[in-house]
Amino acid sequence: MNCARASLCLVALPALVSLGACGNMPAVLDPHGSNAQQTAQIAWVLFWGGGLIFVFVMALAAYAVFASPAHRAWLGRQNFVVGAGIVFPIVTLSALLFYTFKVSGELVGAKDAAPLKIEIVGEMWWWRVHYVDAGGASVLVTANEVHIPVGRTVELFLESADVLHSFWVPNLAGKLDLIPGRVNVLRVKADSAGVFRGQCAEYCGAQHAKMAFHVVAHAVPEFDAWLAAQQLPAAAPRTPTLERGMTLFIANCGACHTVRATPAAGQLGPDLTHVGSRLALAAGTLPNNVGTIAGWIAASQHIKPENRMPSFDRFTGEELRALAAYVESLQ
Ligand code: CUA
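These numbers come from a predicted model, not from an experiment.

Engineer: Whenever I open this one, the side chain of Thr 292 confuses me. Can you help?
Structural biologist: Mapping Thr 292 onto the fold places it in helix H7 (residues 290-303). The class for Thr 292 is buried, based on a relative accessible area of 16%. Within the structure, Thr 292 has its side chain in polar contact with the backbone oxygen of Pro 287 (distance 2.7 Å). Setting aside residues no more than four positions away along its own chain, Thr 292 makes contact with Leu 281, Leu 286 and Pro 287.

Engineer: Is there a simple way to explain the packing of H7 against helix H8 (residues 317-329) in this structure?
Structural biologist: How two helices pack is summed up by the angle between their axes together with the distance between the axes. The contact between H7 and H8 brings their axes to 9 Å, and the two run at 120°. On the basis of the axis angle, H7 is oblique to H8. The hand of the H7/H8 crossing is right-handed. Of the residues in H8, those in contact with Val 290, Ile 293, Ala 294, Ile 297 and Ala 298 of H7 are Leu 320, Leu 323, Ala 324, Ala 325, Val 327 and Glu 328. Taken together, the residues of the contact of H7 with H8 sort by class into ten nonpolar, no polar and one charged.

Engineer: It is not clear to me how the environment of Gly 136 should be interpreted in this structure. Could you clarify?
Structural biologist: By the element assignment, Gly 136 lies in the loop between strand E2 (126-132) and strand E3 (138-143). Residues Gly 136 and Ile 118, spaced 18 residues apart in sequence, show a C-alpha to C-alpha distance of 9.3 Å.

Engineer: When you look at the nonpolar core in this model, what are you seeing that I'm missing?
Structural biologist: Most often, soluble globular proteins keep nonpolar side chains buried together rather than apart. Residues Ile 118, Tyr 131, Val 146, Ile 148, Leu 156 and Phe 167 are the most contacted members of the largest nonpolar core, which totals 32 residues. Elements supplying a minimum of two residues to this core: strand E1 (116-123), E2, strand E4 (145-149), strand E5 (154-160), strand E8 (184-188), strand E9 (194-200), strand E10 (212-218) and helix H5 (220-231). Grouped together as the second largest cluster of nonpolar side chains are 27 residues, Leu 281, Ala 282, Ile 293 and Tyr 326 included.

Cut-offs and rules
- Residues numbered from 1 in each chain as written.
- Predicted model: local features only at pLDDT ≥ 70, side-chain atom pairs only at ≥ 80, totals over all residues.
- Heavy atoms only, no water.
- Helix = DSSP H or I, 4+ residues; strand = E, 2+ residues; numbered from the N terminus.
- Buried < 20%, exposed > 50% of the residue type's maximum accessible area, 1.4 Å probe, protein only.
- Polar contact = N/O pair within 3.5 Å; in protein donor to acceptor, adjacent residues only side chain to side chain.
- Contact = heavy atoms within 4.5 Å.
- Axes fitted to C-alpha atoms, helices over the stretch in contact; angles between N-to-C directions.
- Parallel < 35°, antiparallel > 145°, perpendicular 65-115°, else oblique.
- Left-handed = near helix turned anticlockwise from the far one by under 90°.
- Nonpolar A, V, L, I, M, F, W, Y, C, P; charged D, E, K, R; others polar.
- Core = buried A, V, L, I, M, F, W, Y, C linked by side-chain atoms within 4.5 Å.

So, in structure tokens, the structure goes:
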């Protein structure tokens, strides 16, 4: 981190603490996509422009206080008052207005003839993710993780199933609300591969803070491989334990969750066909491994109170282990 960035970090620390530690650049100031780059550019222009004007005004104020009356007389002349008090703000603010019109016009303009289309539905408190083809037909349903190819414009169609949410991946774009009964379109384009954390940015109830997600940007061949793998049906259980886990899953979880190629076809909760391949559980709440899966099944209401999944605390230890091992095996 260079000196200017370090000092900015100190000044802005309270506001930025929730968005990333100063050891790494906060995500809002670390753009990895054209949309975020333009937003960051506006922020830097405003920051440095405002800083320069502030220093200039403070210097004038010091001069007005400490200079001798003969030297500072020009500060009171009408020409100076009109120039600095009226003409300068009008010129500066008008220039800023046209500059932001220009950049925000570029932000909302289409950037790609054939963008990748993804529908994202905010639900209390997770994200349903549909990949659709050019005609709008569903290609893949997943949850809480949005994979995109580097260098291609992605159109995110944002909808809500219940209340207001807001989709925000600071590394890639500004935030955009998900409004019940409306479809808002956010265009993003990642310039480099990486994993970028996103967060619901509109208060939406008890677990708003635990409504996170990840955007994973891949080089095009890896993205194509990911999409093909995700379209495959669920892996068949390879051991008796996993088979036992699948039986338990279908009986207890299948009314709410889908695992393609099994009788589990519920639509209330996230599609779990390839849940084992995801980075996190419960919308960014827990790392994803067999232990956290078991903990989530047994105590989801303890971990994320009021979420729609009840705590399944009636399983024996053996049953819980088999169920968690099966869920983890859904790679
Ligand atoms: Cu959804 Cu906050």
